[in-house]
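# Structural characterization, general
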Amino acid sequence: MNGTRWWHVNRWPPLAKAETLIKLAAFGFAYTAFAGSIGRATVPLAWDVRSLVQVAILGVLSLGLVVAVRDRWRRREVVSMVFVLINAPAHGLLLVVLLRGANVDFWLSLFATLMLLGDVIKAVSFYVPPPPARDLSPAAGTALTGIYALGYAVIFALEHV
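In what follows, the accompanying structure is described. (Residues numbered from 1 in each chain as written. Predicted model: local features only at pLDDT ≥ 70, side-chain atom pairs only at ≥ 80, totals over all residues. Heavy atoms only, no water.)

Let's shift gears to the overall build of the chain. For the chain, the helix and strand inventory stands at 5 helices and 0 strands. Starting at the N terminus and ending at the C terminus, the chain contains elements arranged as α-α-α-α-α. Relative to the compact-globule value of 15 Å for 161 residues, the chain shows a C-alpha radius of gyration of 16 Å, a close match. Expressed as lengths along the three principal axes of its C-alpha atoms, the size of the chain is roughly 50 × 30 × 20 Å. The proportion of buried residues among the 161 residues of the chain is 40%. Look at the contacts in the chain between residues 6 or more apart in sequence, and 81% of them connect residues 24 or more apart. Within the structure as shown, the chain displays about 8600 Å² of accessible surface, and the carbon and sulfur contribution to it stands at 75%. (Helix = DSSP H or I, 4+ residues; strand = E, 2+ residues; numbered from the N terminus. Rg over C-alpha atoms; globule rule 2.2 N^0.38 Å. Buried < 20%, exposed > 50% of the residue type's maximum accessible area, 1.4 Å probe, protein only. Contact = heavy atoms within 4.5 Å. Areas by Shrake-Rupley, 256 points an atom, 1.4 Å probe, with all protein chains shown as cover.)

Below you can see the structure in the form of structure tokens.
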């Protein structure tokens, strides 16, 4: 915990700002995929291996973001809280789209690409001064970010198989 009971705004280093902007664009693609899928779903969950793996990965990543909401609440940092409150629904809505069987390959590919790019920037930021405003060691931050990056990389790769 950062030692404060009050909500505050941290100073964010340039790499954190770049990561945030890139991921905000990715969230836009997720919300667009959801909006575009309304009324277009064919069969609930296309039962092929590719779709099942993407659903499983997106489900795990979504659950991790639910935990992140609690963490951001505990830290009481305004920017990261707002960010995770946009991030978690973006993942959840994209998961719903996939479960409904809507064809959103284009949007899913763009989402995964930008999220992966954002996570690469985030992983680098743990080793470039000034460090991100987190209480994680570079190794722990990179490992946690790496799990998400791997998930996005697999989702992206499956879109192009």
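Still more to cover.
Together, Trp7, Val9, Trp73, Val78, Val79 and Val82 make up an exposed nonpolar region whose accessible area comes to about 530 Å². Top contributing element to the nonpolar patch by residue count: helix H3 (residues 78-100), with 3 residues. Position of Val82 among the secondary structure elements: in helix H3. (Patch = residues over 30% accessible without salt bridge, like charges linked within 9 Å, V, L, I, M, F, W, Y side chains within 5 Å. Salt bridge = Lys/Arg side-chain N within 4 Å of Asp/Glu carboxyl O.)

The subject of this paragraph is helix H2 (residues 49-75). When the terminal C-alpha atoms of H2 are compared, their 39 Å separation across 27 residues agrees well with the 39 Å that a helix rising 1.5 Å per residue should span. At the N-terminal end of H2, a side-chain oxygen is found 3.2 Å from the backbone nitrogen of Arg50, two or three residues along, and the residue is Asp48. A positive phi of about 55° marks Arg76, the residue just after H2. (Expected span 1.5 Å × (residues − 1). Polar contact = N/O pair within 3.5 Å; in protein donor to acceptor, adjacent residues only side chain to side chain.)

Moving on, we get to the nonpolar core. Membership of the largest hydrophobic core comes to 31 residues, with the highest contact counts inside it found for Leu58, Leu94 and Phe111. In terms of residue count, the dominant contributor to this core is H3 (9 residues). With near-sequence residues (within four places) excluded, Leu94 lies in contact with Ala30, Ala33, Leu58, Leu108 and Phe111. (Core = buried A, V, L, I, M, F, W, Y, C linked by side-chain atoms within 4.5 Å.)

Here the focus is the side chain of Ser125. Residue position: Ser125 is located in helix H4 (residues 105-125). On the basis of relative accessibility, which here comes to 5%, the residue Ser125 falls in the buried class.

All right, on to the packing of aromatic side chains then. For the coordinates displayed, the defined rule picks out 6 aromatic pairs. Each ring, one from Phe111 and one from Tyr152, has its centre 6.0 Å from the other, and the planes form 85°; the classification is edge-to-face. Placement of the pair is Phe111 in helix H4 and Tyr152 in helix H5 (residues 138-159), with a sequence separation of 41 residues. As far as the burial class goes, Phe111 and Tyr152 line up, both buried. Three or more aromatic residues joined by ring pairs form one cluster here, namely Phe29, Phe106 and Trp107. (Phe/Tyr/Trp six-rings, centres within 6.5 Å; stacked < 30°, edge-to-face > 60°.)

Let's shift gears to the pattern of salt bridges. Close approach of charged atoms lets side chains of opposite charge pair. This structure, assessed with the given rule, holds 7 salt bridges. The partner of Arg74 in a salt bridge is Asp71, with the nearest N and O atoms 2.9 Å apart. Separated by 3 residues within a single helix, Arg74 and Asp71 lie in helix H2, roughly one turn from each other. The shortest N-O distance in the salt bridge between Arg75 and Asp71 comes to 3.1 Å. Here Arg75 pairs with Asp71, and both are found in helix H2, just 4 residues apart, close to one helical turn. When its relative accessible area of 16% is taken as the criterion, Asp71 is described as buried.

Any functional reading would require information that these geometric values do not contain.
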